[in-house]
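For reference, the chains in residue letters:
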Amino acid sequence: MRVTKTPLAILLLCISLALPALTSSTPDSGITRCLILGFDRFVTMPSTGHASANNTETMAALLEDFLPGEKQITIHVDGPGSINGFEELIRETFAGAREEDTALIYLSTHGISAPGVPGGMALLVSDGEAEERLTPEKLRELLDGIPGKKILMADACRSGALIGRGKTAGRDFFDDDHYRALVSAGAEEDSWFWSAEEDEYTGTGYFTEALDSALRASDPQQIDPDGDGMVSLKELTGRLREIHGASTVYSRPEEDDESLFILPQDRKAGGKLRGVQFDPVERDGDSLTLKFRFRAEEQVRLTYQLVPSRNGKWDFEHAVKMPDRERTGLIRGLVSPGEKERTIRLSPESLGEDGKALLQIISLRGEEQRPAAEAGCVIEIVPPGQENLEGK
């Protein structure tokens, strides 16, 4: 396995695009060449600080630990700033590819509305000084030049437009047996990240963090329900939809059972909460009740963040934080190791004017108490005539 890294300026990601290149390679099925791209500095859009750079590090570690067979991993951060430069990078990374090989591409960048182009969106490639729009058609054209299978992952706003998923979605630009794709949001949906103002190097995309949690910290029956020791695109998508509420995860083909990742028995969770599971939301008198469970392998400080929805967007500015009920000494929210079950009761008014809110489990670890999103689900009041309440 070879890992190369191109050092460039790195900052924070706003709406990342991660093309989760999962591959069905086995030790005798050729080489999987992986290109992991993160963009944090832009000309026409806000800087995303260090989030995309952190996303690339997370993805490289995931591919190293869970991608079977022979692989070559290349990381490139903050650049190129042109389509020609992007094309050259594709050419260099996948030089020598054969039909039995697999190309895996992960992108973390801004996905923007682009009226007038097929798909109505584009991904930004930028080095902070030069910037161009990469349309779905152009991306398909460039990837078509690579022999073998292709796996595309996108953690970006509107990334569902790449594969015709989400409200008002149009054409699936990767409707071909050579392609598999995993995207973080629908065609008109935002994909979210977090950052810490006091530390410009802290932050990540919620989708990429959920992908890390799904593979590292899910119980086997949650991520590999058929028990074959492998994770298919269908299995991964299902698990992500259970623990990632900040945006809607889509994949193509939707029912793909071909193996993508291996599930080692000695997985290292990296301190993450294990086996997070949310129950359906229920009414309890005048309140809403959400039950969930998890397993803490070590002492960890936890808080629960309720983010209301206003005008169709998560209002993180007015999020309410609630520490876990456990207390160690004078520290509330410091959770001891073991199996835990929690119940959170909310009033319908706390969901915001849209009648919907995002509940996130946030852990605080290390001496600096840096936050990390462990999992999240949507609590929503649905219109009359449908089910009274729905947890997503």
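For the structure itself, consult the block above.
If you're wondering where the values come from, they're calculated on a predicted model, not measured in any experiment.

Things to note about the environment of V320
Right, so step 1: Here V320 lies in strand β20 (residues 320–323).
Right, so step 2: Setting aside chain neighbours within four positions, we find V320 in contact with Y304, Q305 and L306.

Structural notes on unusual backbone geometry
Working note: non-glycine residues mostly have negative phi, and peptide bonds are mostly trans.
Right, so step 1: Cis geometry is adopted by the peptide bond preceding P80, which originates at G79 and carries an omega value of 0°.
Right, so step 2: Inspection of the secondary structure assignment puts P80 in the loop between β3 (71–77) and α2 (83–93).
Right, so step 3: In the segment running from R252 into P253, the intervening peptide bond is cis, with an omega of -10°.
Right, so step 4: With respect to the element layout, P253 can be found in the loop between β13 (250–252) and β14 (259–262).
Right, so step 5: For R158, which is not glycine, the phi dihedral falls at a positive 65°.

Quick look at the nonpolar core
Right, so step 1: Judged by nonpolar contacts, the single largest core of 55 residues is most densely connected at L63, L182, L236, L240, F261 and F278.
Right, so step 2: Considering each element in turn, this core owes the most residues, six residues, to helix α1 (residues 51–66).
Right, so step 3: Setting aside chain neighbours within four positions, we find F278 in contact with E242, L290, K291, F292, L359, I361, A375, G376 and C377.
Right, so step 4: If you look at the next biggest cluster of nonpolar residues, it comprises 38 residues, including F86, A122, L142 and V183.

Things to note about the packing of helix α4 (residues 206–217) against helix α6 (residues 233–243)
Right, so step 1: Taken N-terminus to C-terminus, the directions of α4 and α6 make an angle of 115°; their axes are 10 Å apart at the nearest point. By crossing handedness, the relation of α4 to α6 is classed as right-handed. Where α4 approaches α6, its residues F207, A210, L211, S213, A214 and L215 are matched on the opposing element by L236, R239, L240 and I243.
Right, so step 2: Of the residues contributing to the contact of α4 with α6, the split by class is eight nonpolar, one polar and one charged.

Observations regarding the packing of aromatic side chains
Right, so step 1: Applying the stated criterion across every chain, the model contains six aromatic pairs.
Right, so step 2: Ring centres of F174 and Y179 lie 5.1 Å apart, and the angle between their planes is 65°; on these two criteria the pair is classed as edge-to-face. Like F174, the residue Y179 is buried in the burial classification.
Right, so step 3: Taken together, the ring pairs connect F278, F292, F294 and Y304 into an aromatic cluster.

As for the side chain of S218
Right, so step 1: With respect to the helices and strands, the residue S218 is situated in the loop between α4 and α5 (220–223).
Right, so step 2: In this structure the side chain of S218 is engaged in a polar contact, spanning 2.8 Å, whose partner is the side chain of R239.
Right, so step 3: Residues in contact with S218, not counting those within four places in the same chain, are S213, I223, R239, R267 and G275.

As for the sheet that holds strand β6 (residues 121–126)
Right, so step 1: Here we have three strands laid out as an open sheet, ordered β5-β6-β7, and antiparallel in their pairing. The sheet is open, and its two edges are formed by β5 (111–113) and β7 (131–134), each paired on a single side. Going across the sheet, the axis of each strand differs from the next one's by a mean of 40°, ignoring polarity.
Right, so step 2: Summarising the sheet, β5 and β6 pair through three bridges and their orientation is antiparallel. Bridge pairing in β6 links G111 to L123.
Right, so step 3: Here helix α3 (residues 136–144) sits on the sheet and contacts β6 and β7; the angle it forms with β7, its principal contact strand, is near 80°.

Criteria and cut-off values
Residues numbered from 1 in each chain as written. Predicted model: local features only at pLDDT ≥ 70, side-chain atom pairs only at ≥ 80, totals over all residues. Heavy atoms only, no water. Helix = DSSP H or I, 4+ residues; strand = E, 2+ residues; numbered from the N terminus. Contact = heavy atoms within 4.5 Å. Core = buried A, V, L, I, M, F, W, Y, C linked by side-chain atoms within 4.5 Å. Buried < 20%, exposed > 50% of the residue type's maximum accessible area, 1.4 Å probe, protein only. Axes fitted to C-alpha atoms, helices over the stretch in contact; angles between N-to-C directions. Left-handed = near helix turned anticlockwise from the far one by under 90°. Nonpolar A, V, L, I, M, F, W, Y, C, P; charged D, E, K, R; others polar. Phe/Tyr/Trp six-rings, centres within 6.5 Å; stacked < 30°, edge-to-face > 60°. Polar contact = N/O pair within 3.5 Å; in protein donor to acceptor, adjacent residues only side chain to side chain. Pairing = 2+ DSSP bridges.

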